[in-house]
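# Survey of secondary and tertiary structure
As a plain string of letters, each chain reads:
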Amino acid sequence: MLTADQLIDLEELIVAELERVRSESDSSEKEREAISPDVSIGRLSRLDSMQMQEVAKEANRRREERVVRLEVALDQLDEGIYGRCEICGKDIDFERLRITPEASRCSQCA
Ligand SMILES: [Zn+2]
């Protein structure tokens, strides 16, 4: 079982991480807007920028997934069911949660 202190610790971690991930996606959103489609660029650099947009889109998708997982973790904290492995039902190690607070599986089941 996680202690109350550990839970508070992890909640702070999740909130901070959520803020960080959200601010990251805000700034990448602005970067994308900065690339104007009207700018005439060569075929190669157009391809380059398309690939970069794909990479940015993928990074964004991962960030959004992470936000959802972190929000789920917060909900679980509220409900008092946080830190339990979704596979075997055992408690996830505090050390593991400190590194990946949105982890939903223990190290054995991951
Ligand atoms: Zn497990």
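On a predicted model such as this, the values are computed, not experimentally measured, just so you know.

### Concerning the pattern of salt bridges
For the coordinates displayed, the defined rule picks out 13 salt bridges. Note that E102 and R66 form a salt bridge whose closest N and O atoms lie 2.4 Å from each other. In this pair, E102 is assigned in the segment after helix 3 (94-99) and R66 in helix 2 (residues 43-79), connecting sequence segments 36 residues apart. A relative accessible area of 9% places E102 in the buried class. Across the pair R105 and E86 runs a salt bridge whose closest N-O atoms are separated by 2.8 Å. Here E86 lies in the loop between helix 2 and helix 3 and R105 lies in the segment after helix 3, a separation of 19 residues in the sequence. The partly exposed category is assigned to R105, whose relative accessible area is 34%. On the accessibility criterion, E86 (48% relative accessible area) is partly exposed. Each member of the salt-bridge network shares a partner with another, and the members are E17, R20, E24, R63, R66 and E102.

### Quick notes on the coordination of the zinc ion
Donor atoms from the polypeptide that bind the zinc ion are C85 (SG), C88 (SG), C106 (SG) and C109 (SG), placed at 2.3 Å. Geometry at the zinc ion is tetrahedral, judged from the 4 donor atoms that bind it and their angles of 104 to 116° at the metal. All donor residues of the zinc ion come from one chain, and their arrangement in sequence is C-x2-C-x17-C-x2-C. We classify C85 as buried; its relative accessible area is 4%. C88 gets classed as partly exposed once you look at its relative accessible area, which sits at 36%.

### Quick look at helix 2
An α-helical segment advances 3.6 residues per turn. Residues three or four places apart therefore align on the same side. Its 37 residues place the ends of helix 2 54 Å apart at the C-alpha level, agreeing with the 54 Å of an ideal helix rising 1.5 Å per residue. Listed in full, the buried residues belonging to helix 2 are S49, N60, R63, V67, L70, A73, L74 and L77. Backbone geometry just after helix 2 places G80 at a positive phi near 75°.

### Some thoughts on the confidence of the model for the protein
On average, residues of the protein score 89 in pLDDT, and 89% of them are at 70 or above. Of all helices and strands in the protein, the one with the weakest mean pLDDT is helix 1 (residues 4-34) (87), whereas helix 3 scores best (96).

### Observations concerning a negative patch on the surface
Negative charge collects at one region of the surface, where E11, E12, D75, D78 and E79 lie side by side. Those elements that place two or more of their residues in the negative patch are helix 1 and helix 2. The dominant element in the negative patch, judged by the number of residues it contributes, is helix 2, at 3 residues. If you trace the backbone, D75 turns up in helix 2. The exposure class of D75 is partly exposed, given its relative accessible area of 43%.

How each quantity is defined
Residues numbered from 1 in each chain as written. Predicted model: local features only at pLDDT ≥ 70, side-chain atom pairs only at ≥ 80, totals over all residues. Heavy atoms only, no water. Salt bridge = Lys/Arg side-chain N within 4 Å of Asp/Glu carboxyl O. Helix = DSSP H or I, 4+ residues; strand = E, 2+ residues; numbered from the N terminus. Buried < 20%, exposed > 50% of the residue type's maximum accessible area, 1.4 Å probe, protein only. Donors = N, O, S within 2.8 Å, 3.2 Å for Na, K, Ca; no water. Tetrahedral: all angles 85-135°; square planar, octahedral: opposite > 155°, others 65-115°. Expected span 1.5 Å × (residues − 1). pLDDT = per-residue confidence, 0-100. Patch = residues over 30% accessible without salt bridge, like charges linked within 9 Å, V, L, I, M, F, W, Y side chains within 5 Å. Areas by Shrake-Rupley, 256 points an atom, 1.4 Å probe, with all protein chains shown as cover. Lys, Arg positive; Asp, Glu negative; His and termini not counted. Charge placed at Lys NZ, Arg CZ, Asp CG, Glu CD.

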